[in-house]
Structures are given as C-alpha cells and as structure tokens.
Amino acid sequence: MRIGVIGTNWGLMHVGAFRAAGAEVVALCGQKQEHTREVAAREGIPLATTDVRELCSAVDAVVVASPDALHRQHVEAAIDAGRAVLCEKPLARTEADALALVARARVASRPCAVNFPYRMLPPLRTLKAWLLERPLHQLVVTMRNSFVPREAAGPDPFTGASADWGGLSHLLDAALWLSGASPTWVQASLSGRPVHTAALHVGLSSGAVLVLTHAASPEPGLHGGWTLIGQDWEAGFSGGYVPSRDGWCVSPVRCFREGAWTDLASGLEPRPGEREPWAEAHVETARRFLAVLRGAPLTELATLEEGATVQRLLAAAVVSEQQGRRVTLSPAPPPPPPSPA
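Residues numbered from 1 in each chain as written. Predicted model: local features only at pLDDT ≥ 70, side-chain atom pairs only at ≥ 80, totals over all residues. Heavy atoms only, no water.

### Quick notes on the packing of helix α7 (residues 168-179) against helix α9 (residues 304-323)
The contact between α7 and α9 brings their axes to 10 Å, and the two run at 115°. For the element pair α7 and α9, the recorded crossing hand is right-handed. In contact with L168, S169, L172, D173 and L176 of α7, α9 contributes T309, V310, L313 and L314. Across the contact of α7 with α9, the residue classes break down as six nonpolar, two polar and one charged. (Axes fitted to C-alpha atoms, helices over the stretch in contact; angles between N-to-C directions. Helix = DSSP H or I, 4+ residues; strand = E, 2+ residues; numbered from the N terminus. Left-handed = near helix turned anticlockwise from the far one by under 90°. Contact = heavy atoms within 4.5 Å. Nonpolar A, V, L, I, M, F, W, Y, C, P; charged D, E, K, R; others polar.)

Structural data, given as structure tokens:
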C-alpha cells in the first residue's frame, strides 16, 4: 500500500507509523520545496513535492498532517483525486469547513478518518469496553497544557490559526468516545484570545454530563486527570506527555465498586527498547486505517462525522462564551442526496 503524507512536521510521526504498520511511504508534500526535499531525502521518501495533486497521483491513500487551516483544502484535494484520507485532528479550522468535508466525503464514498490517538491507548480501550455495560452519569476531565498558544495568530480572536486551543479536540473526542454519546448542549467559559483556557459543561445524549477544564500551564508537558462516575461505581486515571520521561505516561485505570478500589487496566510509560506509547498509538491507527483500505469496516477509527461533531461543539462553546448562556447544539445536518447517475 502506497502512502503519501502532507506535512513535514507532525507528518513525520505518520511516516514512521505507517512504515511500522507495513506500508510504503512514497511521497511527502510540504510548503517549501527545498525543506521538503531535505526531509524526504533524510527519511528515504522517493517523491518530494509542494503540489498536493502530484502527491495524490503517486499514492493509494493520503495522510493530511498539514497546518490546521489547510486541512480542508488538502482533504478535498485527496478526496477529489479518489484517494482515501486519514486527517490529523482537528478535522478543520471551522465548523463550516468540517461539515463541508463530511458532505464531500459522503458523495465520494472513499474511506476517510480522523486521527484521535487517545482511542488507540490500551488502558483507554479496556476502560471503553468496561463502560459498555455501565451507564455513565458524569465524566470529569482536567488537563494542564504547556503547549497552548497564548498569542494571537489568525483572523479570529477566539480560534487563532488552529481553533483547537492546543489540543482540546483530543479530549472532547476521547470523552465522547468513552461515553458512547453525542453532545446536546454546552455552557462554556473561555479565557484568553485566542483561547488558552476553557471550562466546559457539556450535556450528552445519554443524560450524562461532561465537565472539562483545559488550562494553559507553565509546567512543561500535558498533565491530565479523568474521573468517570456511575450509579454505584467510579473509575479514573491520569495521563499525558511528561518531558522529563521522554514521552507519554498513563496511570493504571482504577475502579471503585462494592467498597474497594481495584485495577482495571495496566498503565503505560516509555521503556527503553520499546516504541514510545503515543508513537505506538499512531502505529495502531495506521494498522487499522490500512485494514479499512483492504475492506474492513471503519468502526475503530474516528469518522469525519465524529470529527465534525467535535468541531460543532467547539463552535457552540464560542457562541456560549459570546452570549453568556447555555447553547443547544442543533442536530447534525443530514447527508446530501445522491448524485444523479
């Protein structure tokens, strides 16, 4: 399977992931020709180009890992070329762009997915399976993040160049995925322009409530805590990127029921001689995406519709902040009518 990667920065994570999953990475696309050639030569990638159409013509599937503001045009180019697409989070910079990509992909009927690696972390997959038989009442997530941009970049004071607020889409997708529910309303308080600290209360279709705080922090790395509460049980874990340990660390998932705490899943941490846990999550994403290209159902990866749901939730959070009230999310638009034969 021939893979083309758009993006010379985070795209390199996908180069290694798809190679480890058994695919050939045969093309790399960047914004500057000289730099793209240098990176491609270093990585042993035959084709280096700044033309997305040239990349698409040389591959079977495309990974879009370009800057967030370019996601829509790059995903559209790949879909129009008849290629399957794996897009980095967030799916797009705006809700309108995300919904346009969903409509485009439905008409094209090509496999398309969004990369949300939280779904591939083994402790979270074990927790997800455990939750299938247990109604969730409340999910509380707190993340301290040193990577949140604090200076304006882009035309919109709320979104900046990314609209992702330093990775909030990761947390939203993971929370919705774990809960198995969709968002119905949001009450938000957003600090900083562009936003660097967000406090969200989100109502879910299951009746559960997500309470999420994502805060800019001076401590290097990502430091998160997750608590899930049901009728007669509680579960939780901590996890994030720890620079002093050179990678991602996730604590054991513990659960409280029948008066005692027990371990539900083992934790993760970087170990000498082993692939770093976040990198391994990307390899697992690559494996599953390649399986979809060979005919497997797209059930484990995030769909473009799910990526757009995260974008709709972020957009509704901005409206909530601007209007100072709880905002009800409108239902997702229906799929477009089929093209005439």
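### Description of the nonpolar core
In terms of nonpolar packing, the biggest core is built from 104 residues, with F18, Y118, V186 and W226 touching the most fellow members. Contact partners of V186, with chain neighbours within four places excluded, come to L200, H201, V202, L313, A316, A317, S320, R325, R326, V327 and L329. (Core = buried A, V, L, I, M, F, W, Y, C linked by side-chain atoms within 4.5 Å. Buried < 20%, exposed > 50% of the residue type's maximum accessible area, 1.4 Å probe, protein only.)

### What to know about the packing of aromatic side chains
Applying the stated criterion across every chain yields a total of nine aromatic pairs. Seen from their ring centres, F18 and F289 are 6.2 Å apart, and the 90° between their planes marks the pair as edge-to-face. Of this pair, F18 sits in helix α1 (residues 11-20) while F289 sits in helix α8 (residues 277-293); the two residues are 271 residues apart in sequence, bridging distant segments of the chain. Taken together, a centroid distance of 5.5 Å and an interplanar angle of 90° make the contact between Y118 and W248 edge-to-face. Residue Y118 is found in the loop between β6 (112-115) and α6 (122-131), and its partner W248 is found in strand β13 (residues 247-250); the two are separated by 130 residues along the sequence. Comparing Y118 with W248, the two get one shared label, buried. Pairwise contacts between aromatic rings join Y118, W226, F237, W248 and W278 into one cluster. Directly above the ring of W185 sits R326, whose terminal nitrogen or CZ lies 3.5 Å from the centroid. (Phe/Tyr/Trp six-rings, centres within 6.5 Å; stacked < 30°, edge-to-face > 60°. Lys NZ or Arg CZ within 6 Å of the ring centre and 35° of its normal.)

### Re the confidence of the model for the protein chain
For the protein chain, the average pLDDT comes to 94, and 95% of its residues sit at 70 or higher. In this model, residues 335-341 is a region of pLDDT below 50 whose contacts with residues beyond four sequence positions or in other chains number five contacts. (pLDDT = per-residue confidence, 0-100.)

### Some thoughts on the sheet that holds strand β4 (residues 61-64)
The strand order β3-β2-β1-β4-β5-β6-β16 describes an open sheet built from seven strands, whose pairing is mixed. Of all strands in the sheet, those bounded by a partner on one side alone are β3 (47-49) and β16 (302-303). When strand β1 (residues 2-6) meets β4, the two strands line up parallel, connected through four bridges. In the strand pairing of β4, I6 is matched with V64. (Pairing = 2+ DSSP bridges.)

### Regarding the side chain of R83
Assignment of secondary structure puts R83 in the loop between α4 (71-80) and β5 (84-88). For the buried residue R83, which engages in no salt bridge, the nearest side chain bearing the opposite charge is D60, 6.1 Å off. There is a polar contact of 2.8 Å between the side chain of R83 and the backbone oxygen of C56. Setting aside residues no more than four positions away along its own chain, R83 makes contact with C56, S57, V59, D60, A61, V62, A78 and R110. (Lys, Arg positive; Asp, Glu negative; His and termini not counted. Salt bridge = Lys/Arg side-chain N within 4 Å of Asp/Glu carboxyl O. Polar contact = N/O pair within 3.5 Å; in protein donor to acceptor, adjacent residues only side chain to side chain.)

### Some thoughts on the UniProt feature "domain: Gfo/Idh/MocA-like oxidoreductase N-terminal" (unreviewed entry) in the protein chain
When the UniProt feature table is mapped onto this chain, "domain: Gfo/Idh/MocA-like oxidoreductase N-terminal" (unreviewed entry) is found at residues 1-116. With 44% helix and 23% strand, residues 1-116 has its two end C-alpha atoms placed 22 Å apart. (UniProt positions renumbered as here; feature names shortened; annotations may be inferred.)

### Details of the environment of L91
The residue L91 is located in the loop between β5 and α5 (95-108) in this model. In this structure L91 comes out as buried when scored by relative accessible area, which is 1%. Separated by 212 residues in the primary sequence, L91 and T303 place their C-alpha atoms 9.8 Å from one another. Ignoring anything within four residues of it in the chain, the contact list for L91 reads H71, A98, L101, V114, L304, G307, A308 and Q311.

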